[in-house]
Amino acid sequence: MTSTPARTPNRMLAQAGLTGPRLARVGPTVLRFGLAALWLAAGILKIGDPQGMVHSVRAFRILPESLVHPVAYAVPFVEIALGLLLLVGLAVRVGAVVSALLLAVYIAAIASAAARGLHIECGCFSAGGNLTADAPTHYAEEIIRDSLLLLASGLLVRWPASAFAIDRLLDRPFQENP
């Protein structure tokens, strides 16, 4: 009686060619592309509505009025630039740190709004602002989502090496022709 080898996760990964260095790059590559898509979508959706962004930033009641406009105008461009850097894989670790910092700021702002009883929409993927009295807030979901994205950013800070990244090309020493 012959037995078939067990289909363990390690054996399946080996059969798919995802072992060693390849496997080590799959996770970071997925995280990098996922975060890139997030930041690009968030920035692109906001960039066409600068007044909506002003309204959104002002609704949090955190910044002095003199900083509301500069922050509101800068955020979409920072998000798009961050998304592009992560997409092409240039300065991945730095991009992941900036991503983590932005997400930490967003989490703190949302938690602050919730703690102060503000009734606002975060404006994460659009112009946010004050909600009507009967509209539901989604603070818990937004904090959980951003916390998971913060975790993804932290993992990418720790393991930035990924496939299809310009950083990989820059890390290789130049070969001299004999």
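Above this text sits the structure in question.
Here is a short report on the structure shown in this document. (Residues numbered from 1 in each chain as written. Predicted model: local features only at pLDDT ≥ 70, side-chain atom pairs only at ≥ 80, totals over all residues. Heavy atoms only, no water.)

## Things to note about the packing of helix α3 (residues 50–59) against helix α4 (residues 65–88)
Two quantities define a packed helix pair, namely the angle between the helix axes and the distance between the axes.
Stage number 1. Orientation of α3 relative to α4, taken along the N-to-C sense of each, is 125°, at an axis distance of 8 Å. Relative to α4, α3 is oriented oblique. At the point where α3 passes α4, the crossing takes the right-handed sense. Contacts from Pro50, Gln51, Met53, Val54, Val57 and Arg58 of α3 reach α4 at Glu65, Val68, His69, Val71, Ala72, Tyr73, Val75 and Pro76.
Stage number 2. Residues of the contact of α3 with α4, tallied by class, amount to ten nonpolar, two polar and two charged. (Axes fitted to C-alpha atoms, helices over the stretch in contact; angles between N-to-C directions. Helix = DSSP H or I, 4+ residues; strand = E, 2+ residues; numbered from the N terminus. Parallel < 35°, antiparallel > 145°, perpendicular 65-115°, else oblique. Left-handed = near helix turned anticlockwise from the far one by under 90°. Contact = heavy atoms within 4.5 Å. Nonpolar A, V, L, I, M, F, W, Y, C, P; charged D, E, K, R; others polar.)

## Here's the deal with unusual backbone geometry
Stage number 1. With a phi angle near 55°, Arg61 is a residue other than glycine that sits in the positive phi range.
Stage number 2. With respect to the secondary-structure elements, Arg61 resides in the loop between α3 and α4.
Stage number 3. Residue Arg61 is classed as exposed on the basis of its relative accessible area of 53%.
Stage number 4. Positive phi, close to 55°, is recorded for Ala91, a residue that is not glycine.
Stage number 5. Under the relative-accessibility criterion, Ala91 is labelled partly exposed at 31%. (Buried < 20%, exposed > 50% of the residue type's maximum accessible area, 1.4 Å probe, protein only.)

## Comments concerning the pattern of salt bridges
Stage number 1. Using the criterion set out here, one finds three salt bridges in the structure.
Stage number 2. Linking Arg58 and Glu65 is a salt bridge whose minimum nitrogen-to-oxygen distance equals 2.5 Å.
Stage number 3. Assessed through its relative accessible area of 36%, Arg58 is described here as partly exposed.
Stage number 4. Looking at Glu65, the relative accessible area reads 43%, which means it is partly exposed.
Stage number 5. Of the charged contacts, one joins Asp146 and Arg145 as a salt bridge, the two residues approaching to 3.0 Å between their closest N and O atoms.
Stage number 6. Residue classification places Asp146 among the buried positions, given a relative accessible area of 3%.
Stage number 7. Overall, Arg145 belongs to the partly exposed group, its relative accessible area being 28%. (Salt bridge = Lys/Arg side-chain N within 4 Å of Asp/Glu carboxyl O.)

## As for helix α6 (residues 139–158)
Stage number 1. Helix length check: α6 (20 residues) gives 28 Å between terminal C-alpha atoms against 28 Å at 1.5 Å per residue, within 8%.
Stage number 2. Buried residues of α6: Tyr139, Glu142, Asp146, Leu149, Ala152, Ser153 and Leu156, and no others. Here the buried residues of α6 occupy an arc of 150° about the axis, which is enough to place them on one side. Across from the buried face of α6, at angles greater than 90 degrees, the exposed residues are Ile144, Leu148 and Arg158. (Expected span 1.5 Å × (residues − 1). Arc of directions from axis to C-beta.)

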